[in-house]
Amino acid sequence: MIGDIRIKLSDLIMTFSRVLDFVNQKVSNHHLRVAVIASAIARESGLIRQDLNDVFLASAIHDIGAFSTKEKFDALEFEMINPHVHTERGYLLVRHNKHFLNIANIIRYHHLAWSEGEGRQFNGEDVPPGAHILHLADRIEVLINRNQEVLDQRDAIRESILSRSGSTFMPELVEIFESLSLRESFWFDAASPEISRRILDTNAIPGVELNIEGLTHISRLFSNIIDYRSPFTAVHSSGVSAVATTLAQMTGFSEIELDMVKIAGYLHDVGKLAVPLEILDKPGRLTTGEFNIIKSHVYHSYRILEGVPGLETINMWGSLHHERIDGTGYPFHLKGSELPIVSRIMAVADVFTAITEDRPYRKGMNGKEALRVIEDMAGNNALDHGIVSIASAYFKHLNDVRIEAQEKAREGYLSVKLFAG
């Protein structure tokens, strides 16, 4: 029997923040660097602890609405064209999560110009000061050339920011930045290779612990960020989570374990954030190199979640879903009893769900066709015979569970993805 688990929200956020920047070295640690800069400005501006926490959280995930590699690179341009598409998507993603209620509008307005005070409000709604802090911190970070000594750049960066005081940035915050910019430590912190250590020093990390219910809600949000990048995977994790949880229930797992299976299903593809959308959505046959990048996603999933204390079992259950009973899977080539039973369940749920979904290069199979595929894979000793037997015996119920979960998830996807500015 597994007891209730406790996960630090800060551990989860910092790990996920790194993952958002996995796609290219050019954006590596962008979110965490912005969080360090924003926390320094927020602290000097005299914000109370709760507001400091909110600025940190918003900074750490501020570009979650930027789905494609192009959008991520566009966000690094100091003068962005139509920046409010990804900010609105980010807002729509987090607005209903109770842990992020205070930061939804910070994310939503983090590219809103001050405009000589007009930026205090937008469409009649008050804009939180944290949004203007994040806006300033974000633009400072993108001005830092990672291939050049940071102190050699500070005068030019300071000049660029000061010249936009009142028009682009809130003057009071620019004054704070001007004072901070005189300290070498400010720049060394912003460009530090030990960025996680610097964040701990900011004293802006919320001390919230997530129980199993809170972790489920956060994991569902993360699964949306993972899946919404492509219309072909938009509801994939919801389907896998529902099928895996149902199979685990039929196998006799406890309630707390079923919650953990659900979370593992939501997070099983977190490593896909390291895979460029252009590969995920490629309509033609993948090259060997492109397929190898696809294969890397499970390795990244395992290593990403490995960095969150308390998530070890859930990580093992979710991240091994491409291993096979006969050892021909990847990336670790585990086989037989080396694979936990939930990892075997997840493998069946992933295959069953994936082959029913449309992909750029093929149409999804109907339920009965998908069942034949997993039965053939069990016959070839790739998938677990016992798990597939349960899936076969309760096929209609299992397929109905998948369809219901994915239809519900699609409603959320459409509300976010259809926003086009």
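That block above? That's the structure.
Undergrad: Just to check I follow, could you spell out the overall build of the protein chain for this structure?
TA: When you go through the protein chain residue by residue, the secondary structure sums to 21 helices and 4 strands. In terms of overall size, the protein chain behaves like a compact globule, its C-alpha atoms giving a radius of gyration of 23 Å where 421 residues would be expected to give roughly 22 Å. Dimensions of the protein chain, computed from C-alpha atoms along their principal axes, come out at roughly 70 × 45 × 45 Å. Considering only contacts in the protein chain between residues 6 or more positions apart, those separated by 24 or more positions represent 71%. If you sum the accessible surface of the protein chain, you get close to 17800 Å²; carbon and sulfur atoms cover 50% of it.

Undergrad: For this particular structure, what's the right way to read the packing of aromatic side chains?
TA: Aromatic rings in a pair are described by how distant their centres are and how their planes are angled relative to each other. Under the definition given, this model contains 9 aromatic pairs. On the numbers, 5.7 Å between centres and 50° between planes, the contact of Tyr 109 with Phe 122 is tilted. Of this pair, Tyr 109 sits in the loop between helix H6 (104-108) and strand E2 (121-122) while Phe 122 sits in strand E2, placing them 13 residues apart in sequence. A residue is classified by how much of its surface remains accessible, and Phe 122, at 37% relative accessible area, is partly exposed. Ring pairs connect the aromatic residues Phe 177, Phe 186 and Trp 187, which therefore count as one cluster. Positioned over the ring face of Tyr 91 is Arg 108, at 3.8 Å from the centre of the ring. The ring of Tyr 330 is capped by Lys 295, whose NZ or CZ atom sits 5.1 Å from the centre of that ring.

Undergrad: Please clarify how the pattern of salt bridges should be interpreted in this entry.
TA: Side chains bearing opposite charge may pair, as long as their charged atoms lie close to each other. Tallied over the entire structure, the rule returns 18 salt bridges. As a salt-bridge pair, Arg 183 and Glu 44 come within 3.7 Å of each other at their nearest N and O atoms. Residue Arg 183 is located in the loop between helix H9 (171-180) and helix H10 (184-190), and its partner Glu 44 is located in helix H2 (residues 30-44); the two are separated by 139 residues in the primary sequence. For the salt bridge of Glu 141 with Arg 146, the shortest nitrogen-to-oxygen distance reads 3.2 Å. By relative accessible area, Glu 141 is classed as buried at 2%. Note on Arg 146: relative accessible area 34%, which makes it partly exposed. One connected set of salt bridges, linked through shared partners, spans Arg 33, Glu 141 and Arg 146.

Basis of the calculations
- Residues numbered from 1 in each chain as written.
- Predicted model: local features only at pLDDT ≥ 70, side-chain atom pairs only at ≥ 80, totals over all residues.
- Heavy atoms only, no water.
- Helix = DSSP H or I, 4+ residues; strand = E, 2+ residues; numbered from the N terminus.
- Rg over C-alpha atoms; globule rule 2.2 N^0.38 Å.
- Contact = heavy atoms within 4.5 Å.
- Areas by Shrake-Rupley, 256 points an atom, 1.4 Å probe, with all protein chains shown as cover.
- Phe/Tyr/Trp six-rings, centres within 6.5 Å; stacked < 30°, edge-to-face > 60°.
- Buried < 20%, exposed > 50% of the residue type's maximum accessible area, 1.4 Å probe, protein only.
- Lys NZ or Arg CZ within 6 Å of the ring centre and 35° of its normal.
- Salt bridge = Lys/Arg side-chain N within 4 Å of Asp/Glu carboxyl O.

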